[in-house]
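Per-entry structural report
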Amino acid sequence: MPDDIGCNEDVVLDAGHLARQTFGDAALERELLVLFSGQSAALAARIVAGEAPERRMAAHTLKGSARAVGAWALAAAAAAVEAGDGGPERLEAELARAQAAIRDRLAQDAG
């Protein structure tokens, strides 16, 4: 998937994209968000602690996962790490924003 896929890199969590990815299935959306939340945290930890090759591989995986759920800002931060143009500080900040948006979305759906 090219880096210029028409996403808005300022968007933390694109609800429209997520709905399209899950075919509007709320249960599938919740499941995907829970899985992504855990995976993204684990990948970010590998990025922060890893050496360059492992960091790039984890960043590539995180970029793809973030794009799948519409976490465009996190995907952009991961792409920067993968390319060697960004450090873990931006990635950690975007991960925190994405995690907060996911918590809000899950709480909204539950309530």
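The model shown is predicted, which means the values in this text are computed figures rather than measured ones.

The subject of this paragraph is the overall build of the protein. Per the secondary structure count, the protein includes five helices and zero strands. Starting at the N terminus and ending at the C terminus, the protein contains elements arranged as α-α-α-α-α. Over its C-alpha trace the protein gives a radius of gyration of 13 Å, about what one expects of a compact globule, namely 13 Å for 111 residues. For the protein, the C-alpha atoms occupy an extent of roughly 40 × 25 × 20 Å along the three principal directions.

Now for the nonpolar core. Core analysis: the largest hydrophobic core is formed by 24 residues, its most contacted members being Phe36, Ile47, Leu62, Leu74 and Leu91. Residues contacting Leu74, with those up to four places away along its chain left out, are Phe36, Ser40, Leu62, Ala66, Leu91, Glu94, Leu95 and Ala98.

Another aspect to go through is the pattern of salt bridges. Taken as a whole, this structure holds four salt bridges when the rule is applied. Among the ionic pairs, Glu29 bridges to Arg105, the shortest N-O distance being 2.6 Å. Of this pair, Glu29 sits in helix H2 (residues 26-49) while Arg105 sits in helix H5 (residues 88-110), and the two are 76 residues apart along the sequence. We classify Glu29 as buried; its relative accessible area is 6%.

Our focus in this paragraph is the environment of Gly64. Take Gly64: it is sitting in helix H3 (residues 52-69). By relative accessible area, which is 38% here, Gly64 ends up partly exposed. Taking the C-alpha atoms as reference points, Gly64 and Ala75, eleven residues apart in sequence, are found 7.1 Å from one another.

Here we take up the confidence of the model for the protein. Summary statistics for the protein give a mean pLDDT of 91 and a share of 94% for residues scoring 70 or more. The least confident element of the protein, judged by mean pLDDT, is H5 at 93; the most confident is helix H4 (residues 72-83) at 96.

Moving on to the packing of H3 against H4. Angle between the axes and distance between the axes are the two parameters that describe a pair of packed helices. Running from N to C, H3 and H4 point in directions that differ by 160°, and their axes come no closer than 8 Å. Here H3 lies roughly antiparallel to H4, going by the angle between them. Note that H3 runs across H4; the crossing there is left-handed. Contacts between H3 and H4 involve Arg55, Arg56, Ala59, His60, Leu62, Lys63, Ala66 and Arg67 from the first element and Trp72, Leu74, Ala75, Ala78, Ala79, Val81 and Glu82 from the second. Grouping the constituent residues of the contact of H3 with H4 by class yields nine nonpolar, one polar and five charged.

What follows deals with H4. Spacing of three or four residues puts side chains on the same side of an α-helix, whose turn is 3.6 residues. Taking 1.5 Å per residue as the helical rise, H4 with its twelve residues ought to reach 16 Å, and the 16 Å between its terminal C-alpha atoms agrees with that figure. Summarising burial for H4: ten of the twelve residues are buried, a large majority. Among all positions of H4, only Trp72, Ala73, Leu74, Ala75, Ala76, Ala77, Ala78, Ala79, Ala80 and Val81 are buried. Those residues of H4 that are buried lie in contact with helix H1 (15-21), H2, H3 and H5.

Basis of the calculations
Residues numbered from 1 in each chain as written. Predicted model: local features only at pLDDT ≥ 70, side-chain atom pairs only at ≥ 80, totals over all residues. Heavy atoms only, no water. Helix = DSSP H or I, 4+ residues; strand = E, 2+ residues; numbered from the N terminus. Rg over C-alpha atoms; globule rule 2.2 N^0.38 Å. Core = buried A, V, L, I, M, F, W, Y, C linked by side-chain atoms within 4.5 Å. Buried < 20%, exposed > 50% of the residue type's maximum accessible area, 1.4 Å probe, protein only. Contact = heavy atoms within 4.5 Å. Salt bridge = Lys/Arg side-chain N within 4 Å of Asp/Glu carboxyl O. pLDDT = per-residue confidence, 0-100. Axes fitted to C-alpha atoms, helices over the stretch in contact; angles between N-to-C directions. Parallel < 35°, antiparallel > 145°, perpendicular 65-115°, else oblique. Left-handed = near helix turned anticlockwise from the far one by under 90°. Nonpolar A, V, L, I, M, F, W, Y, C, P; charged D, E, K, R; others polar. Expected span 1.5 Å × (residues − 1).

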